[in-house]
Amino acid sequence: VEMHQPSGIGCLLLIIVPVVLLISAYFAWWELRFSVQGRTANAAVDGVQNVLMSRHRWMGGSYKEIHYTFVDEPTGKERAEYDELPLSWPSPVGTVAIDYVSGVPGASRVHGHRHLVFPIFFLVSLCAAVACIIFLVREARRAVREEEAFEAKRRSNLRNERWHG
């Protein structure tokens, strides 16, 4: 019985998949918060600006920045925030409907500006994590079976040597 050499891909997956899963879970959590805790309000538009170069260098591209002010109803505090939208979105004038999470500064966005890619990516990452766990368990079981077969053959050979020797 020949033993297979351990594969480095399992160790690499053991590091990469949980990190990707954690990052995607964080962003999916925010989408869930907007769905569960989100409130809708009308906000006063303070300014609209087309930004030709994103400050996020790794994302690149252009976007529309909408600055607005609204009252966080449960706290009674006025919040001045903004959202970055694709240039294709219409520019609001006067007021704009927004969604926000009460008491969390920076947690607001123009109504309808959902990020569904995050929950989808999380689900794909979760499926990949489950697949990796299944793969690793299968590999571990295979290794145990190979070790058991190797040891059984070694013991059998030792017995035969003692018997015939």
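See the structure shown above.
Bear in mind the structure is a predicted one, so any value in this text is a computation, not a measurement. (Residues numbered from 1 in each chain as written. Predicted model: local features only at pLDDT ≥ 70, side-chain atom pairs only at ≥ 80, totals over all residues. Heavy atoms only, no water.)

## Topic: the pairing of strand S1 (residues 38-51)
- Two elements, S1 and strand S4 (residues 95-101), share seven bridges in a ladder whose sense is antiparallel. Each residue of the ladder has a partner; that of Arg39, found in S4, is Tyr100.
- The pairing of S1 with strand S2 (residues 63-72) spans seven bridges and is antiparallel. Considered in S2, the bridge of Val51 is made with Tyr63. (Pairing = 2+ DSSP bridges. Helix = DSSP H or I, 4+ residues; strand = E, 2+ residues; numbered from the N terminus.)

## Some remarks on the packing of aromatic side chains
- Summed over the entire model, instances satisfying the criterion amount to four aromatic pairs.
- Ring geometry for Tyr26 versus Phe27: centroids 5.3 Å apart, planes at 75°, classification edge-to-face.
- A relative accessible area of 35% places Phe27 in the partly exposed class.
- Look at Phe27 and Phe118: their rings are 4.8 Å apart centre to centre, the planes differ by 20°, and that puts the pair in the stacked class. Remark: Phe118 occurs in helix H2 (residues 117-164) and Phe27 occurs in helix H1 (residues 8-37); sequence separation between them is 91 residues.
- Among the aromatic residues, those joined into a ring-pair cluster are Tyr26, Phe27 and Phe118. (Phe/Tyr/Trp six-rings, centres within 6.5 Å; stacked < 30°, edge-to-face > 60°. Buried < 20%, exposed > 50% of the residue type's maximum accessible area, 1.4 Å probe, protein only.)

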